[in-house]
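# Observations on the model geometry
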Amino acid sequence: MKLGIIGLPNVGKSTLFNSLTKAGAESANYPFCTIDPNVGVVTVPDERLNVLGEMYHTKKIIPAAIEFVDIAGLVKGASRGEGLGNQFLANIREVDAIVHVVRCFEDSNIVHVDGSIDPMRDIETINLELIFSDLEILERRIAKTTKVARNDKTAAKELGLLERLKAHLEDGKMGKSFMAEDEDEQAWLDSYNLLTGKPVIFAANVAEDDLADDGQGSAGVQAVREFAKQEGCEVFVVCAQIEQEIAELDDEEKAMFLEELGLQESGLEKLIRASYRLLGLISYLTAGEPEVRAWTIRKGTKAPQAAGKIHTDFERGFIRAEVVAYDDLMACGSHSAAKEKGLVRLEGKDYIVQDGDIMLFRFNV
């Protein structure tokens, strides 16, 4: 999974990236501190892997991973070349979802590019720049398609879609609210890779005082939540400065620090849960002495396609899968005990994999 972190300058974007990835991206109180996209890979915390590791006396534990891309702060007019212009936009066309960091804290020591704190204005600024960038892509596509549309019915159909989509964006609407009329249109729509078509998670960056009640007392956070609800987006509340402090601690110290702050989980854990929900992702597990590993798949994935995440041969030659639910295995205490109770099942090609399934694939190629 690949997530792109965007936002205006000085909203805490690079501070959050640093804390999530411990990658040490430069962070400073002036715009355009981050000029090249910083990339960091983070493992997904999953206590189930450690438990299975002990049960199977495994030699290696491999969690699922998320790649974060931190991009230079965006300003009004970026799509027309203001600030760093379009440099950053290409870097997020390939991400699965966008993490939009929104400043919901006051701090006279950290300047805001627009001179005041207004989360909804900031969201609108970013969204408009994404729309302008997508319009530029569409206009090039329209110019190209128009040339062949007179003598080509397929091109003429695509041109109709492009013009409807352009009007939709010019109306200030995001690409993800545009509805394709059939499978052909959906395929074209997917191929455009619109920035405004990507799922969005808002990271409401608050002061430490607003963290314990999850931003309930912050008017800015409530406005972001209301907007996100209308748009079908996820929101999580974070204090990037606190996250940076947490990132320096070991697991035991981190747990104690979170408890002192009255928090159940870190910002990273909130973000991972939000991204899995938004993208409809789950993890299945493989376990044995050589390694215990988590594999990320979409909800609704069938057993052969899940097997294909490990190796294409597994999908091509799929025979069946041996499956036991993680909770059932824990309740029984061992794989052999679960087998005796009939909780280890053999599933075929139509089996839909569930979160926490521990799977062994049988295949023949």
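Above this text you will find the structure in question.
The text that follows walks through the structure, step by step, so that each part is easy to find. (Residues numbered from 1 in each chain as written. Predicted model: local features only at pLDDT ≥ 70, side-chain atom pairs only at ≥ 80, totals over all residues. Heavy atoms only, no water.)

Turning our attention to the layout of surface pockets. In this structure, the largest pocket occupies an estimated 660 Å³ of space. As for the largest pocket, its lining consists of 26 residues, of which P45, D251, K254, L268 and E269 are closest to the centre. Counting only elements with at least two residues in the lining of the largest pocket, the list comes to α1 (13–21), β2 (38–43), α2 (47–56), α7 (240–247), α8 (251–260) and α9 (267–279). Looking at which element gives the most residues to the lining of the largest pocket, the answer is α8, with four residues. (1 Å grid on protein atoms, 1.4 Å probe; cavity = no way out; pocket = protein on both sides within 12 Å on 5 of 7 lines; lining within 4 Å. Points joined across faces, edges and corners; volume = space filled by probe spheres on them. Helix = DSSP H or I, 4+ residues; strand = E, 2+ residues; numbered from the N terminus.)

Before going further, it helps to examine the pattern of salt bridges. Note that side chains of opposite charge can pair when their charged atoms are close. The full count for this structure, using the stated rule, is 23 salt bridges. R48 is the partner of D46 in a salt bridge, and the nearest nitrogen-oxygen pair spans 3.0 Å. Classification of D46 by relative accessible area gives buried; the value is 17%. Assessed through its relative accessible area of 17%, R48 is described here as buried. A salt bridge links K157 to D184; the nearest nitrogen and oxygen atoms lie 3.2 Å apart. Separated by 27 residues along the polypeptide, K157 in helix α4 (residues 153–170) and D184 in helix α5 (residues 183–192) bring together distant segments of the chain. For K157, a relative accessible area of 30% corresponds to the partly exposed category. Here D184 falls in the partly exposed class, since its relative accessible area comes to 43%. Linked through salt bridges whose partners overlap, the residues forming this network are D46, R48 and D355. (Salt bridge = Lys/Arg side-chain N within 4 Å of Asp/Glu carboxyl O. Buried < 20%, exposed > 50% of the residue type's maximum accessible area, 1.4 Å probe, protein only.)

This brings us to the packing of aromatic side chains. Following the criterion strictly, the structure yields five aromatic pairs and no others. Each ring, one from F202 and one from F227, has its centre 6.0 Å from the other, and the planes form 65 degrees; the classification is edge-to-face. In this pair, F202 sits in strand β6 (residues 200–205) while F227 sits in helix α6 (residues 219–231), placing the two residues 25 residues apart along the sequence. F202 gets classed as buried once you look at its relative accessible area, which sits at 2%. For F227, a relative accessible area of 19% puts it in the buried group. Against the face of W295 rests R293, its NZ or CZ located 4.2 Å from the ring centre. (Phe/Tyr/Trp six-rings, centres within 6.5 Å; stacked < 30°, edge-to-face > 60°. Lys NZ or Arg CZ within 6 Å of the ring centre and 35° of its normal.)

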